[in-house]
Amino acid sequence: TNGTTCINTGTGINTVDIGSYVPYPNSSIVDNIQGTVNVNGNGNDTLNIDDTASTINKFGTLTWDSLTGLCTAGVNYFGIKSLNILLGSGCDTLNIQSTNGATNTVVNTGAGFNTINIGSLEPTTGGIVDYICGALTIVGSGNDTMNVDDTGSTIDKSGTLTSTTLTGLGMGSS
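Quick caveat: nothing in here was measured; it's all calculated off a predicted structure.

Draft legend 1. Summary view of unusual backbone geometry. Residue Pro 123 follows Glu 122 across a cis peptide bond; omega there is 15 degrees. Examined against the element boundaries, Pro 123 turns out to sit in the loop between β9 (115–118) and β10 (136–139). Notably, Cys 71 is not glycine yet its phi reads approximately 65 degrees, a positive angle. For Cys 71, a relative accessible area of 39% puts it in the partly exposed group. Even without being glycine, Leu 169 reaches a positive phi, approximately 60 degrees.

Here it is, written out as structure tokens:
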């Protein structure tokens, strides 16, 4: 699409798949989305963004209501219960500045040597993680790096890091 596309899901439990070949997941790319996509859900909907067929290195930024970059004009979302982002086999970088408290977000990094940066000012430092309000799951490929930046925090915080989870630090789903 070249212009803005608005998708209003209406009532019920709906799924919106974004990619070059749907249904999800089905080896898609998102490069040809040249206009902004606005998805307005009803609070029970799933949004899948499938870039699994991409082989180039991409950069993107995720906030509580939008995904920009990844060679697209951007996807804005509201009223989404589950957000699934599948990256390709390039060496991708995704900056996660915030997540929606009502949205369960899953990022699958795909193959490649990927970098996931989490913090309110990513890709720069000095941010906080307080805006990670909803559940966030990162499914890595084993060759990935995850950076969590809370260096801008001015209050004492505690957190727990295990081999599979990071909780606390003022993040909402803790």
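Draft legend 2. Local environment of the pattern of salt bridges. Summed over all chains, the structure comprises four salt bridges. A salt bridge links Asp 51 to Lys 58, with the nearest nitrogen and oxygen atoms 2.8 Å apart. Considered together, Asp 51 and Lys 58 belong to a single accessibility category, that of buried residues. The partner of Lys 157 in a salt bridge is Asp 130, and the shortest N-O contact between them spans 2.3 Å.

Draft legend 3. Spatial organisation of the environment of Asn 26. Mapping Asn 26 onto the fold places it in the loop between β2 (15–18) and β3 (37–50). Among the residues examined, Asn 26 registers a relative accessible area of 27% and is labelled partly exposed. Here the alpha-carbon distance between Asn 26 and Thr 105, two residues 79 residues apart in the chain, equals 19 Å. Apart from residues no more than four positions distant in its own chain, Asn 26 is found in contact with Tyr 21 and Asp 50.

Draft legend 4. The arrangement of the nonpolar core in detail. Grouped together as the largest cluster of nonpolar side chains are 26 residues, with contacts concentrated most on Ile 18, Leu 47, Ile 49, Leu 83 and Ile 96. Among the elements of the structure, β2, β3, β6 (72–86), β7 (93–96) and β9 are those that each provide at least two residues to this core. Among the elements that take part in this core, β6 stands out by supplying five residues, more than any other. With residues up to four places along the chain from it excluded, the contact list for Ile 18 reads Val 30, Ile 33, Val 37, Val 39, Leu 47, Asn 48, Ile 49, Asp 50 and Val 75.

Draft legend 5. How the structure looks around the side chain of Asp 92. Its location among the elements puts Asp 92 in the loop between β6 and β7. The charged side chain of Asp 92 is buried without a salt bridge, its nearest counter-charge being Lys 58 at 6.8 Å. At 2.9 Å, the side chain of Asp 92 and the backbone nitrogen of Lys 58 are in polar contact.

About the thresholds
Residues numbered from 1 in each chain as written. Predicted model: local features only at pLDDT ≥ 70, side-chain atom pairs only at ≥ 80, totals over all residues. Heavy atoms only, no water. Helix = DSSP H or I, 4+ residues; strand = E, 2+ residues; numbered from the N terminus. Buried < 20%, exposed > 50% of the residue type's maximum accessible area, 1.4 Å probe, protein only. Salt bridge = Lys/Arg side-chain N within 4 Å of Asp/Glu carboxyl O. Contact = heavy atoms within 4.5 Å. Core = buried A, V, L, I, M, F, W, Y, C linked by side-chain atoms within 4.5 Å. Lys, Arg positive; Asp, Glu negative; His and termini not counted. Polar contact = N/O pair within 3.5 Å; in protein donor to acceptor, adjacent residues only side chain to side chain.

So far we have only geometry, and geometry alone does not tell us how the molecule works.
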